[in-house]
Amino acid sequence: MNMKVAKDCLFRGARVLVLAAVVPWACGGDEADTDTSASSETGSETDGDTAIDEGPWESFDERPCPQDSAVDAQNFGIPFLLTHCNGCHGGAVTGEERQGAPPEVTFDTMDQVRMQLDRIWVRSADGNDTMPPAGGPTDEERRMLGEWLACGAPFVAGE
Ligand code: HEC
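Residues numbered from 1 in each chain as written. Predicted model: local features only at pLDDT ≥ 70, side-chain atom pairs only at ≥ 80, totals over all residues.

**Student:** Looking at this structure, I do not really get the overall build of the protein. What am I missing?
**Tutor:** When you go through the protein residue by residue, the secondary structure sums to 8 helices and 0 strands. Order of helices (α) and strands (β) in the protein, N terminus to C terminus: α-α-α-α-α-α-α-α. Within the span of the protein, comprising 159 residues, buried residues form 32% of the whole. Long-range pairs, those at least 24 residues apart, make up 70% of the contacts in the protein with a sequence separation of at least 6. (Helix = DSSP H or I, 4+ residues; strand = E, 2+ residues; numbered from the N terminus. Buried ≥ 20, exposed ≤ 12 C-beta atoms within 10 Å, placed from the backbone. Contact = placed C-beta atoms within 7 Å.)

**Student:** Whenever I open this one, the packing of helix 4 (residues 73–84) against helix 8 (residues 139–150) confuses me. Can you help?
**Tutor:** Packed helix pairs are characterised by how far apart their axes lie and by the angle those axes make with each other. Put simply, helix 4 and helix 8 touch, their axes get as near as 10 Å, and they point 115° apart. The handedness of the crossing between helix 4 and helix 8 comes out as left-handed. Facing Phe76, Gly77 and Phe80 of helix 4, the residues of helix 8 in contact are Glu141, Met144, Leu145 and Trp148. When the residues that make up the contact of helix 4 with helix 8 are grouped by side-chain class, the tally is 5 nonpolar, 1 polar and 1 charged. (Axes fitted to C-alpha atoms, helices over the stretch in contact; angles between N-to-C directions. Left-handed = near helix turned anticlockwise from the far one by under 90°. Nonpolar A, V, L, I, M, F, W, Y, C, P; charged D, E, K, R; others polar.)

**Student:** What is the right way to read the confidence of the model for the protein from this model?
**Tutor:** Detailed reading of the predicted model is not advised wherever pLDDT is low. For the protein, the average pLDDT comes to 81, and 69% of its residues sit at 70 or higher. In this model, residues 2–9 is a region of pLDDT below 50 whose contacts with residues beyond four sequence positions or in other chains number 10 contacts. Counting contacts from residues 12–45, a segment whose pLDDT is below 50, to residues more than four positions away or on other chains yields 52 contacts. (pLDDT = per-residue confidence, 0-100.)

**Student:** Got a minute to help me understand the environment of Ala125 in this structure?
**Tutor:** Along the chain, the position of Ala125 falls in the loop between helix 7 (117–124) and helix 8. Ala125 sits in the buried class, given 26 other C-beta atoms within 10 Å. Sequence-wise, Ala125 and Pro137 are 12 residues apart; in three dimensions their C-alpha atoms are separated by 9.5 Å. Excluding residues within four positions of it along the chain, Ala125 makes contact with Ile120, Arg142, Leu145, Gly146 and Leu149.

**Student:** Would you explain the site of the ligand in this entry?
**Tutor:** Near the ligand lie 18 residues; those nearest to it are Cys85, Cys88, Gly100, Met131 and Pro132. Examining the composition of the shell around the ligand, we find that 4 residues originate from one element, helix 7, more than from any other. In the shell around the ligand, the residues fall into 9 nonpolar, 7 polar and 2 charged. (Near = placed C-beta within 6 Å.)

**Student:** What is the right way to look at unusual backbone geometry in this model?
**Tutor:** Peptide bonds are trans in most cases, and residues, glycine excluded, mostly fall at negative phi. In the segment running from Gly55 into Pro56, the intervening peptide bond is cis, with an omega of 0°. Inspection of the secondary structure puts Pro56 in the loop between helix 3 (37–43) and helix 4. Geometrically, the link from Met131 to Pro132 is a cis peptide bond, its omega value of -5° lying close to zero. Here Pro132 shows up in the loop between helix 7 and helix 8. Positioned with a positive phi, Asp126 is a non-glycine residue whose angle comes to about 50°. Relative to the assigned elements, Asp126 resides in the loop between helix 7 and helix 8.

**Student:** Explanation requested: helix 4 in the structure shown.
**Tutor:** Quick reminder: α-helices carry 3.6 residues per turn. Residues three or four places apart thus point the same way. In this model, helix 4 (12 residues) spans only 14 Å end to end at C-alpha, well below the 16 Å of a helix rising 1.5 Å per residue. For helix 4, every residue scored as buried is listed here: Ala73, Gly77, Ile78, Phe80, Leu81 and Leu82. (Expected span 1.5 Å × (residues − 1).)

**Student:** Sorry, what's going on with the nonpolar core here?
**Tutor:** Generally speaking, soluble globular proteins have nonpolar side chains that are buried together. Within the largest apolar cluster, 26 residues are counted, with the highest numbers of intra-cluster contacts made by Leu81, Leu145, Trp148, Leu149 and Ala153. Of all the secondary-structure elements, those providing two or more residues to this core are helix 4, helix 6 (110–114), helix 7 and helix 8. If we ignore the near neighbours within four places in the chain, the residues touching Leu149 are Leu117, Ile120, Trp121 and Ala125. (Core = buried A, V, L, I, M, F, W, Y, C linked by C-beta atoms within 7 Å.)

**Student:** Any chance you could explain the environment of Asp108 here in plain terms?
**Tutor:** Here Asp108 is to be found in the loop between helix 5 (86–89) and helix 6. Placed 22 residues apart in sequence, Asp108 and Asn86 show a C-alpha to C-alpha distance of 8.1 Å.

Laid out in structure tokens, this is it:
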């Protein structure tokens, strides 16, 4: 199976996405052996049996990735972004429908998300809540977002 195709079918425009969010991500299986770089960078600091660091964290760099994190794109990241962000930040959302969301801040692909981990964190994750502008995510969702981002936004947890 072609991995490019698998990746491209993650996000395909806001309306399709919203529909797709309620069905299983049938196209995700091929991601398993790709994109391990992002998560392995951040994981090493949390080794050992030191006390769990529950924050608050001043910056994205301080936010640890729990070694046993089970949060990934399929069980959290994609549905979260579709529900709370891509109404304005989706690639298919243009003109006034973006409500001022910058064109370069678009969350259609895993690569786009991974290139903006710190930017997303500082607006939406853990104690940060200036995005979405009108609020919406629960504290627990923001904590899970922080964990997912800190782990490098894995498509499959632990990879
Ligand atoms: C109602 C529309 C809307 C929604 C929904 C929304 N945003 Fe935004 N977003 C904006 C606008 C407008 C801006 C530009 C103004 C600003 O930065 O506050 C922006 C800017 C941003 C930026 C750029 C900040 C920078 O680095 O310049 C990030 C990152 C961001 N949003 C993330 C998110 C995330 C993550 C979500 C979902 C949790 C989200 N937004 C939901 C409208 C939205």
